[in-house]
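# Residue-level structure breakdown
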Amino acid sequence: MRKQLRPTDVKRLNRTWRRSTGNRLSMIIESVTGPFNIGSIFRSAAAFGVDQIWLAGNATPPTNPKAGKTALGTDRLVAWKDAVPVLDAVREAKDDGYTVIAIELTGEAQPLHRTNLDRDVCLVVGSEDHGCSPALLDAADLAAYIPQVGKVGSFNVGVAAAIALSEARRQEWSKLPES
């Protein structure tokens with residue numbers, strides 16, 4: 001019979017994965033204003049070991065009470081910078097050694113699963129309504145999109161961020177020896 005892990009066992013399991021993780025992940029969140037989206041992104045970022053988040057444009061900070069309902073305190077587990085101009089955030093990420101990848105539907109974007117994420121990457125998501133700004137797309141090293149086969153044109157930004165973070169870790173962990 002399968003049993004759920006107890007909290008101590010979950011911590012032990014997560015510690016094992018953390019020790020097998022070497023790539024750095026960061027994010028730029030541009031003009032995402034929905035507090036529940038921000039809370040969801042911060043929670044996913046904390047779960048996947050994001051080192052740094054730059055909030056850009058008019059992004060809602062995780063200190064917003066509604067964001068806190070979704071983040072459940074995870075904003076304290078991820079370093080973040082508030083309200084920086086988006087091009088400053090891109091420059092800081094690149095200066096820190098990250099490849100900046102916009103998660104966006106553009107003409108030259110490649111499918112996320114075919115994008116090399118097995119390195120230090122800064123994943124970028126944009127506003128709920130308009131996605132990443134043209135200036136950000138020009139400044140990013142490349143763009144990637146999440147393939148979809150349904151009749152909906154895009155994902156919620158919080159879901160898109162979680163998928164992209166998961167794919168970055170999946171690519172890294174897929175090279176680990178089987179245990």
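Note: the structure precedes this text.
Before going into details, it helps to say that this report is about the structure given with it.

What counts, and where the lines are drawn
- Residues numbered from 1 in each chain as written.
- Predicted model: local features only at pLDDT ≥ 70, side-chain atom pairs only at ≥ 80, totals over all residues.
- Heavy atoms only, no water.
- Buried < 20%, exposed > 50% of the residue type's maximum accessible area, 1.4 Å probe, protein only.
- Helix = DSSP H or I, 4+ residues; strand = E, 2+ residues; numbered from the N terminus.
- Pairing = 2+ DSSP bridges.
- Core = buried A, V, L, I, M, F, W, Y, C linked by side-chain atoms within 4.5 Å.
- Salt bridge = Lys/Arg side-chain N within 4 Å of Asp/Glu carboxyl O.
- Patch = residues over 30% accessible without salt bridge, like charges linked within 9 Å, V, L, I, M, F, W, Y side chains within 5 Å.
- Areas by Shrake-Rupley, 256 points an atom, 1.4 Å probe, with all protein chains shown as cover.

With that settled, the discussion passes to the pairing of strand β6 (residues 121-125). Regular strands show a simple pattern: their side chains alternate between the two faces of the sheet. Of all the five residues making up β6, five are buried; the element is thus mostly covered by neighbouring parts of the structure. Of the two faces of β6, the one carrying V121, L123 and V125 and the one carrying C122 and V124 are both buried. Pairing analysis gives five bridges linking strand β1 (residues 25-30) to β6, with the strands arranged parallel. Each residue of the ladder has a partner; that of L25, found in β6, is V121. Note: strand β4 (residues 99-103) against β6, four bridges, orientation parallel. Residue pairing across strands places V100 opposite C122, the latter belonging to β6.

Membership of the largest hydrophobic core comes to 29 residues, with the highest contact counts inside it found for M27, I29, V50, I53, I103, L123 and V125. Mapped by element, the contributors of at least two residues to this core are β1, α2 (35-47), β2 (50-56), β4, β6 and α6 (157-173). With six residues, α6 is the largest single contributor of residues to this core. A93, A109, C122 and A139 belong to the second-largest nonpolar core, a separate cluster that totals 19 residues.

Okay, the pattern of salt bridges next. By the definition in use, this model includes 10 salt bridges. One salt bridge connects K175 with D118, and the closest N-O pair in it is separated by 2.7 Å. Of this pair, K175 sits in the segment after α6 while D118 sits in the loop between β5 (110-111) and β6, and the two are 57 residues apart along the sequence. Accessibility expressed as a relative area gives 59% for K175, which makes it exposed. The partner of E167 in a salt bridge is R170, and the shortest N-O contact between them spans 2.8 Å. Of this pair, E167 and R170 both sit in helix α6, three residues apart, which is roughly one turn of the helix.

On to a nonpolar patch on the surface. Residues L5, V10, L13 and W17 make up a contiguous nonpolar surface patch of about 340 Å² in total accessible area. Tracing the backbone shows W17 in helix α1 (residues 7-19). For W17, a relative accessible area of 38% puts it in the partly exposed group.

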